[in-house]
Amino acid sequence: MLVLAFIFAVSLLQGGNAFYLPGLASVTYCSDSKNNENCKSDIMVYVNRLNTVENIVPYEYHDFDFCVPIKDVANSPTENLGQVVFGERIRPSLYELAFARNEACKTVCEKTYKTGDKSSLEKLTFLKRGVSLNYQHHWIVDNMPITWCYKVETGDKFCSIGFPVGCYVTKLGKRKDTCVTLADFKASDTYYLYNHVDIVVEYHRLSPEDWGQQHTGIGGRIVAARLTPRSIDNGDKSEADACGASLPVLGIPGSLEKEIKFKYTYSVEWRENDQIKWTSRWDYILESMPHTNIQWFSIMNSLVIVVFLSGMVAMIMLRTLHKDIARYNQMDSLEDAQEEFGWKLVHGDVFRPPRKGMFLTVLVGNGAQLFFMTLITLVFACLGFLSPANRGALMTCALVLYVCLGTPAGYVSARMYKTFGGEKWKSNVILTAFFCPGLVFGVFFLLNLVLWGYGSSAAIPFTTLLALLALWFGISVPLTFVGAYFGFRKRPIEHPTRTNQIPRQIPEQSLYTRPLPGIVMGGVLPFGCIFIQLFFILNSIWSHQTYYMFGFLFLVFIILIITCSEATILLCYFHLCAEDYHWWWRSFLTSGFTAIYFFFYCVHYFFTKLEMSGFLNTFLYFGYTTIIVFLFFIVTGSIGFFACFWFVSKIYSVVKVD
């Protein structure tokens, strides 16, 4: 099974570039659209929200005092549910591109900030705050990010999907962020604004066979868009001279003493590039992220752990258990059985229903729902449907799958609760449908209120919250009830042994067979298999980096399932050998404790990798982290629970019990 999963994942990794995204069609542009009906010459440049690694709170482009069209909402592209939840706000801009038409220097708008104008100073203060916190622009053309490519310390080229608003030199003269790249950025307590961009657009020219002999002009498809931001003090210059390389940089002092006037300008250069095909135009962005070698190292490290655990389980199943079962089945008298010890002696108590069984079934039911949601989402992602080019598709797919998979949650919870002999079926169904989703929604709504208060673009609109509630109450809850109905109609799962009326006394346990040490040890190996992958996932969430390695993620998820299952089975066997039959909750908590290590890693990541500070950032970071860790806890706990349930049922079903 492991080998097949590995081969399948590798084939997905190798075949990821063989085709482009299903459902996304190319757009043909031409220099003469009047005489060609099947192409466009005008190209819209869209702007997205601005974010930074120094602050969790993102803002819309229009919250800053940039060049903004008067009527932009009507022309904005329709955002899907995933984009809204992630806080993306895509709006049209005043930057205009025409296919194959170069622009030497074009003015977008002019800004003036006067010392006595309160409204003007408030806008300037907010802009300077964006500069000091290194907020990043995110521009889009032809559904591609306009990237800013630069060399890193190793000499390699890195292409970022955002570029900074500006840079800041502190009062002590320390040059922050991109201010270190130019010697002119040297005045203390000065905000240097990037008010000019040099845009270079590359296109793949269409051949006569593709373009058609009847068409006139140049036709092609955009394959790359890059820009270089510049700071130019051009307030008193004409449009023709506003972009000169000899002009001084635009520095805004910390305390404004005189009027500041400058222009936002841009230049455009079109280049023909027949080496890049439209289907592979994202490669130059993704290939600049040198993470592949680390990913393979992570996979090999995880496979070593899996092989170790598989060997341990195989040794127990083939040697220890085989000998035990053969010896127990050869017993002729009850006296011989009484002389034995170990997991055989608790056969009359091993399937005794646990305490708080209803709550356990609720968690397991929701875990099954989240597990299938994650698995199906990763399969779609590996097939290319949820690539970065398909904006918001990942979150949209996950939310839709979650609400549509309410039936497995209700069925699993009801079936297990009936197996435990529970009679409060109404409470079980209601808790399954509302407890876990309600807890997550409550925390999420609280965090959303904070973002509302700060006017952030990440705050989900009230209408979208109503839509999420409608999906929950209108689809997920009824499907959970349907699943619970079929689960309660089924007969309880039959155990291979009968449960004694009087519980067996558990002997005093040694340190390593007590519940807490076993639970703490159980999450170490599963976490060791995934912690490198967690680094890239956290980078994509908090450092705003593009995540595209879904083939690796799918393989790591399979490894996580195997390690959670095998680690839980091993510890469950050790506890049964110590005559401790309380395995129901322990199996859930053993693999679920992986989430606690995940939380500790998130704490380490916050203090060592991020540059955020302040109560707001800390509150939002750990609020969202709590949601993620809670969901991860439910999924991993359910994996261990079902693995241990299968293991216990299997070993006691092959033993003769008098």
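Throughout this description, residue numbers start from 1 for each chain and increase along the sequence as written. Given that this is a predicted model, residues contribute local features only at a pLDDT of at least 70 and side-chain atom pairs are listed and counted only at 80 or more, while totals for whole chains, interfaces and linings are drawn from all residues. Heavy atoms from the whole structure form the basis of all side-chain values; hydrogens and water molecules are not counted.

Engineer: Is there a simple way to think about the overall build of the chain in this case?
Structural biologist: A run of DSSP states H or I qualifies as a helix once it reaches four residues; a run of E qualifies as a strand once it reaches two. Both are numbered from the N-terminal end. The number of helices and strands found in the chain is 18 helices and 18 strands. When burial is assessed residue by residue, the chain has 53% of its 658 residues classed as buried. Pairs at least 24 apart in sequence give 78% of the contacts found in the chain among residues at least 6 apart. Reported accessibility uses the Shrake-Rupley method at a 1.4 Å probe radius. Residues are deemed covered only where the shown protein chains occlude them. When the accessible surface of the chain is summed, it comes to about 31200 Å², and 60% of that surface belongs to carbon and sulfur atoms. Type-normalised accessible area, obtained with a 1.4 Å probe on protein chains alone, sets the label of each residue: buried when under 20%, exposed when over 50%, and partly exposed for intermediate values. In this description, contact between two residues means that some pair of their heavy atoms is separated by no more than 4.5 Å.

Engineer: Help me out: how do you make sense of a nonpolar patch on the surface in this one?
Structural biologist: Together, Phe445, Leu446, Leu449, Trp452, Phe462 and Leu466 make up an exposed nonpolar region whose accessible area comes to about 550 Å². Ranked by residues supplied to the nonpolar patch, first place goes to helix α11 (residues 425-453) with four residues. Here Phe462 shows up in helix α12 (residues 462-489). Exposure above 30% relative accessible area and no salt bridge define the residues that can form patches, which grow by joining like charges within 9 Å and nonpolar side chains of Val, Leu, Ile, Met, Phe, Trp and Tyr within 5 Å. One side-chain nitrogen of Lys or Arg within 4 Å of one carboxyl oxygen of Asp or Glu is enough to make a salt bridge.

Engineer: Just to check I follow, could you spell out the sheet that holds strand β8 (residues 139-141) for this structure?
Structural biologist: An order of β5-β2-β8-β9 is seen for the four strands of this open sheet, with the pairing classed as antiparallel. Where the open sheet ends on each side, the last strands, each with one partner, are β5 (91-98) and β9 (144-145). By this definition, two strands are paired if DSSP reports at least two bridges between them.

Engineer: Can you help me understand the environment of Cys167 in this one?
Structural biologist: Looking at the secondary structure, you find Cys167 in strand β13 (residues 166-169). Under the relative-accessibility criterion, Cys167 is labelled buried at 0%.

Engineer: How should helix α14 (residues 524-542) be read in this particular structure?
Structural biologist: The periodicity of an α-helix, 3.6 residues per turn, causes residues three or four places apart in sequence to face the same way. What the bend at a residue measures is the angle between two axes, fitted to the seven residues ending there and to the seven starting there. The sharpest bend along α14 reaches about 45° and sits at Phe531. Inspection of α14 places Pro526, Phe527, Gly528, Cys529, Ile530, Ile532, Gln533, Leu534, Phe536, Leu538, Asn539 and Trp542 among the buried residues, and these make up the whole buried set. Phi for His544, located one or two positions after α14, is positive at around 60°.

Engineer: I keep staring at the environment of Thr513 and nothing clicks. Help me out?
Structural biologist: Among the secondary structure elements, Thr513 is positioned in the loop between α12 and α13 (515-522). As a C-alpha pair, Thr513 and Cys577 span 64 residues in sequence and 9.5 Å in three-dimensional space. Apart from the residues within four sequence positions on either side, Thr513 is in contact with His575, Ala578 and Asp580.

Engineer: Looking at this structure, I do not really get the pattern of salt bridges. What am I missing?
Structural biologist: Any two side chains of opposite charge can pair, on the condition that their charged atoms come close. Taken as a whole and assessed by the stated rule, the structure comprises 14 salt bridges. Between Glu269 and Arg271 there is a salt bridge; the shortest N-O distance is 3.1 Å. Taking relative accessible area as the criterion, Arg271 reaches 39% and is therefore assigned partly exposed. The residue Arg586 makes a salt bridge to Asp580 at a minimum N-O spacing of 2.7 Å. Asp580 matches Arg586 in its accessibility class, with the two residues each being buried. Connected through salt bridges with shared partners, the residues Glu60, Glu79 and Arg91 form a single ionic network.

Engineer: Whenever I open this one, the side chain of Arg91 confuses me. Can you help?
Structural biologist: With respect to the helices, strands and loops of the structure, Arg91 is situated in strand β5. Polar contacts involving the side chain of Arg91 include one to the side chain of Glu79, which spans 3.4 Å. Identification of polar contacts relies on pairs of N or O atoms within 3.5 Å, with a donor-acceptor requirement for protein atoms, meaning one able to donate a hydrogen and the other able to accept it, and with residues adjacent in sequence counted only if both atoms are side-chain atoms.

Engineer: Teacher, can you tell me more about the packing of helix α9 (residues 393-404) against α12 here?
Structural biologist: In a packed pair of helices, the relevant descriptors are the angle between the two axes and the axis-to-axis distance. In this analysis, axes come from line fits to C-alpha atoms, helices being fitted only over the stretch in contact, and the angle between any two N-to-C directions falls in the range 0 to 180 degrees. Remark: α9 packs on α12, axes separated minimally by 8 Å, with the N-to-C direction vectors making an angle of 35°. Counting all contacts with α9, which are made through Leu399, Val403 and Cys404, the residues of α12 involved are Leu468, Leu471, Ile475, Ser476 and Leu479. Throughout this entry, Asp, Glu, Lys and Arg are counted as charged residues, while Ala, Val, Leu, Ile, Met, Phe, Trp, Tyr, Cys and Pro are counted as nonpolar. The remaining residues, Gly among them, count as polar. Split by residue class, the contact of α9 with α12 holds seven nonpolar, one polar and no charged.

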